[in-house]
Every structure is written in C-alpha cells, then in structure tokens.
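# Structural characterization, general
Chain by chain, the residues run as shown.
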Amino acid sequence: MRRKILKLTSVVAIIFIFTSCTTTSKWTYPPDPTHLIKLYDTPKLPLKIAVLPFKDNRRNHNTMATLYLGYIPLFPFGYVEYDRPDTQRAFVTIGSTGGPAYIFNPPEDVAKAVTRSLNESGIFKEAYFSYGGDETADLILSGEVDSTLYNGKIFTYGLSFVGPCLWSLGLPSGSSNNELEVKLSLLTRDNKKIWEYNVEDKASVLHGRYYNWGFDNDGYAEILLIGMNKAIQDLNEKIISNKLLLK
C-alpha cells in the first residue's frame, strides 16, 4: 500500500512539473514606462542619432542536463546555466516543447530599447533604430552585448519527484539569476568616439508557486532600464560640462 501511494505521488509530481512549466515569456521594454528618465520637455540638442543593431559578443555555452539532478534522491536541486537564454527551452518556471521559451533577440531588442530611452530623455531631437546606410543622422550609437548569462535552480529538497509537491504548500520552487553586460559608444559621422558607457548588473528572483511564477528573465529589462537612466544622466552631464565635443 505504501509503495502504491509513493508511486501515485511521484506520478502526480511529474505531471505537475511538466504541465506547470509549459509557458513562455518575451522581452518587454520598458518594464514600466513611468520609470524612463526624462530630462527635457523639448530637445536640448537639434541632433539626430541613428542606433545600429548591436554586436553579439556572447559566449555559446549552455548547460541544461543538470536541470534534472534534483530528481535524483538526496539531491536538493537541479540547475541550469545559459549564455544564450534566447535559444533555450527549459527554465525554472517557464518552458517550451517547441521553440525557445524566452523570445529575445539581443542585437535588435537591446538596440531598440536604448533608442526608446534616448527618445524619452529629451536630450536629442530624435533617436531612431537603423540598419545603417542612411545619411540623415548627425551621430551614430553602436553597442555590444557581452553577456546575457542566466542561471537557475529548481528546488526539490532532496525528495526527488516528491519535492515539487511542497511547492503547493508555499515553499520556494527555485531561483533565477540574470546578468546583463552592454557597451555603448557614441560616434561622429567620421567614426570618432565621443562618449562610451557600460551597463552591467545582475538581478535575482525567488520563485514560488504563488509568486514570481514566469518571471525567470524579467531581470534583463530591469537592468537595462536602470542602466540606461544612469547612462543618460552621464551623457547629459558631459554635454553640460562641455566634455563632449559635438560638431
């Protein structure tokens, strides 16, 4: 009888795991439009900036097999680590049986997000995303995405497939960590660099069955929003102090 109960519990746990993680998420910027920094109601400088697609410098090391270590008896958790989360299907609370579970194209999405922040700031007349080749911009902003590292843990508390049953009791189901590193460079039309800034930070979230479910990758946009607000303040200060040579 005891074996039957244990077997039934394991089956229920397996069904719970795979049905609760078949959701996807996508990059959304800004996560909260009210938090975009705005310095001027009318443009401070009558200049146009073309923002080009960013260069992708990320490594291509992704480890997923270790996610299932938590289902080995006495192992407290399983874990994953992805350099390119936009190519992966299995995370802590989201997953996909088809394509990637996180819809994100860093070279374009990050560049477009930077464009949005620049436009909102009011420093320049206009900032627009461009694939290049146009002659209407006064300045060019280029960038590099160096890291979008993701690592996550699924807690099974050493109880193998029975462990996830504890999630329904309120115990944490796992944790996710996002790391974002982006380099920004502002160039003149003749390719002279006049300003640069690095956005770099980490964000962590603790997941539970009733809280932060599906938020595995929301930290990337939060990091960029905070980082761009600081970058815009730095850019504005250099313009005011005449340390930025604009022609």
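Residues numbered from 1 in each chain as written. Predicted model: local features only at pLDDT ≥ 70, side-chain atom pairs only at ≥ 80, totals over all residues. Heavy atoms only, no water.

## Observations regarding the overall build of the protein
Quick reminder of the rule: Strands are runs of DSSP state E lasting at least 2 residues, helices are runs of H or I lasting at least 4, and numbering of each runs from the N terminus. Exposure categories follow from relative accessible area, calculated using a 1.4 Å probe and restricted to protein chains: below 20% of the type maximum is buried, above 50% is exposed, and the middle band is partly exposed. Pairs of residues are marked as contacts when any of their non-hydrogen atoms sit within 4.5 Å.
Looking only at helices and strands, one finds 3 helices and 11 strands in the protein. If you list the helices and strands of the protein from N to C, you get α-β-β-β-β-β-β-α-β-β-β-β-β-α. The burial tally for the protein puts 46% of its 247 residues in the buried class. Restricting to contacts in the protein with at least 6 residues of sequence separation, those with at least 24 account for 75%.

## Examining helix α2 (residues 106-121)
Worth spelling out the cut-off: The span you would expect from a helix comes to 1.5 Å times its residue count less one.
For α2, which comprises 16 residues, the first-to-last C-alpha distance of 22 Å matches the rise-based estimate of 22 Å (1.5 Å per residue) to within 8%. Contacts made by the buried residues of α2 are with β2 (45-51), β3 (55-56), β7 (124-129), β8 (139-147), β10 (172-188) and α3 (219-240). Directly beyond the C-terminal end of α2, a positive phi value near 85° is found at G122.

## Here's the deal with the pairing of β8
Across a regular strand the side chains alternate sides, sitting on one face of the sheet and then on the other. For clarity, the threshold we go by: Two strands form a pair only when DSSP identifies at least two bridges running between them.
In this structure, β2 lies alongside β8, joined through 3 bridges in parallel fashion. Paired with I49 across the two strands is L139, which belongs to β8. Alignment of β3 against β8, held across 2 bridges, turns out to be parallel. When the bridges of β8 are listed, K55 appears paired with E144.

## Digging into the environment of D216
Quick note on the threshold: Polar contact criterion, stated in full: a pair of N or O atoms within 3.5 Å, where within protein one must be able to donate a hydrogen and the other to accept it, and residues adjacent in sequence count only if both atoms are side-chain atoms.
Relative to the helices and strands, D216 is located in the loop between β11 (193-208) and α3. Residue D216 is classed as buried on the basis of its relative accessible area of 1%. Here the alpha-carbon distance between D216 and L206, two residues 10 residues apart in the chain, equals 9.1 Å. If near-sequence neighbours (up to four positions away) are discounted, D216 is found in contact with F91, V92, T93, I94, Y150, S176, N178 and H207. Only 2.9 Å separates the side chain of D216 from the backbone nitrogen of V92, close enough to count as a polar contact. One polar contact links D216 to Y150, side chain to side chain, over a distance of 3.4 Å.

## Observations concerning the confidence of the model for the protein
Applicable threshold: One confidence number per residue, pLDDT, is output by the predictor and ranges from 0 to 100.
Here the protein averages 90 in pLDDT, and 90% of its residues register 70 or above. Of the regions scoring below 50 in pLDDT, residues 4-20 engages in 19 contacts with residues more than four places distant in sequence or in other chains.

## Describing the pairing of β11
Here β10 runs beside β11; their pairing, made up of 15 bridges, is antiparallel. Across the sheet, L187 pairs through a bridge with K193, a residue of β11.

## Considerations on a nonpolar patch on the surface
Threshold: Only residues whose relative accessible area exceeds 30% and that form no salt bridge are eligible for patches; like-charged ones are grouped when within 9 Å, while nonpolar side chains (Val, Leu, Ile, Met, Phe, Trp, Tyr) are grouped when within 5 Å. Residue burial considers only the protein chains on display, and all accessible areas are found by Shrake-Rupley using a 1.4 Å probe. We define a salt bridge as a side-chain nitrogen of Lys or Arg found within 4 Å of a carboxyl oxygen belonging to Asp or Glu.
On the surface, Y157, L159, L169 and L171 cluster together into a nonpolar patch covering about 360 Å² of accessible area. Tracing the backbone through its elements, the reader meets Y157 in the loop between β9 (150-155) and β10. Residue classification places Y157 among the partly exposed residues on the basis of a relative accessible area of 31%.

## Looking at the side chain of S147
Positionally, S147 belongs in strand β8. What makes S147 buried here is its relative accessible area of 9%. At 3.3 Å, the side chain of S147 and the backbone nitrogen of L149 are in polar contact. For S147, the side chain forms a polar contact with the side chain of E179, separated by 3.1 Å. Contact partners of S147, with chain neighbours within four places excluded, come to R58, E179, L180 and E181.

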